[in-house]
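Observations on the three-dimensional arrangement
As a plain string of letters, each chain reads:
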Amino acid sequence: RSLAGRGCPGFELAFTPGLQNMPEGTPRLYGYDHSHYTVRCRMALGLKNMPYRMIWVAEDDEETPMKLVGRKITPIIEFPGEGAMPESSDIIARVDGDEAYGPPVLGPKTDRPEIDAWVKKLSVPMRNLGR
């Protein structure tokens, strides 16, 4: 029901429960709420200003990822007209390379052992930030 009929002009296009409220052709990202891999994908989508629909998957939901990619894994992204894609690094490469949302924004991977050591040192605290 519109808020315009309640004395709130301009709210005819307000959120309506049950509707997608996303542009046609918007990809769907499936992920666990505690997954830092899902966070990485969301960051790449945000850096590219790419609209997407987030679909949270319960930890005990095996059916959804199995139906999409044949194994219990997230994140998974579905672009309209393409097959579902798992693996955060593949998703990030696909998103960053999408010229429809501008040129790539991420640089190539570096071979810097000091950064690898730093990331490894932070891996346990980073896992705890996901939840």
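Residues numbered from 1 in each chain as written. Predicted model: local features only at pLDDT ≥ 70, side-chain atom pairs only at ≥ 80, totals over all residues. Heavy atoms only, no water.

Points about the packing of helix α1 (residues 36-47) against helix α3 (residues 88-96)
Applied cut-off: Inter-axis angles, ranging from 0 to 180 degrees, are taken between N-to-C directions of lines fitted to C-alpha atoms, where helices are fitted over the stretch in contact. Secondary structure elements follow DSSP: runs of H or I of four or more residues count as helices, runs of E of two or more count as strands, with numbering from the N terminus. The labels follow the angle: roughly parallel below 35 degrees, roughly antiparallel above 145, roughly perpendicular from 65 to 115, and oblique for the rest. Contacts are assigned to residue pairs that have any heavy atoms within 4.5 Å of one another. Residue polarity follows a fixed list, in which Ala, Val, Leu, Ile, Met, Phe, Trp, Tyr, Cys and Pro are nonpolar, Asp, Glu, Lys and Arg are charged, and the others, Gly among them, are polar.
The contact between α1 and α3 brings their axes to 9 Å, and the two run at 5 degrees. Overall, the two elements α1 and α3 adopt an arrangement that is roughly parallel. Seen from α1, the contacting residues are Y37, R40, C41, A44 and L45; seen from α3, they are S88, I91, I92 and V95. Among the residues making up the contact of α1 with α3, the classes are represented as 7 nonpolar, 1 polar and 1 charged.

Remarks on the layout of surface pockets
Just so we agree on the cut-off: Both site types are read off a 1 Å grid over the protein atoms alone. A 1.4 Å probe that fits but cannot get out defines a cavity, while an open set with protein on both sides within 12 Å along at least five of seven lines defines a pocket; lining residues have an atom within 4 Å of a point. Grid points are joined across faces, edges and corners, and a volume is the space filled by probe spheres set on the points.
Its volume calculated, the largest pocket comes out at about 970 Å³. Contributing to the lining of the largest pocket are 24 residues, with R40, M43, I92, V119 and M126 lying nearest its centre. Elements represented by at least two residues in the lining of the largest pocket include exactly α1, α3 and α4 (113-129). Looking at which element gives the most residues to the lining of the largest pocket, the answer is α4, with 9 residues.

Section: the nonpolar core
Cut-off, in case you're wondering: Residues belong to a common nonpolar core when they are buried Ala, Val, Leu, Ile, Met, Phe, Trp, Tyr or Cys residues joined through side-chain atoms within 4.5 Å. Burial classification: accessible surface area is computed with a 1.4 Å probe over protein chains only, and a residue below 20% of its type maximum counts as buried, one above 50% as exposed, and the rest as partly exposed.
If you look at the biggest cluster of nonpolar residues, it comprises 12 residues: L29, C41, A44, L45, M50, Y52, M54, I77, F79, I91, I92 and V95. With residues near it in sequence (within four places) discarded, M54 still touches L29, Y30, G31, T38 and R42.

Some details on the packing of aromatic side chains
Our working rule: The pairing test for Phe, Tyr and Trp rings, Trp by its six-membered ring, is centres within 6.5 Å, and the orientation test on the planes gives stacked under 30 degrees, edge-to-face over 60, and tilted for anything in between. Two limits define a charge over a ring: the Lys NZ or Arg CZ must be within 6 Å of the ring centre, and within 35 degrees of the ring normal.
One pass over the full model with this rule turns up 0 aromatic pairs. Positioned above the aromatic ring of F79 is the side chain of R94, whose terminal nitrogen or guanidinium carbon lies 3.8 Å from the ring centre.

Things to note about the confidence of the model for the protein chain
What counts is decided by this rule: Residue-level confidence of the predictor is what pLDDT reports, using numbers from 0 through 100.
Within the protein chain, residue pLDDT values average 84, and 82% of them lie at 70 or more. Mean pLDDT across the elements of the protein chain ranges from a minimum in α4, with 81, to a maximum in strand β3 (residues 76-78), with 97.

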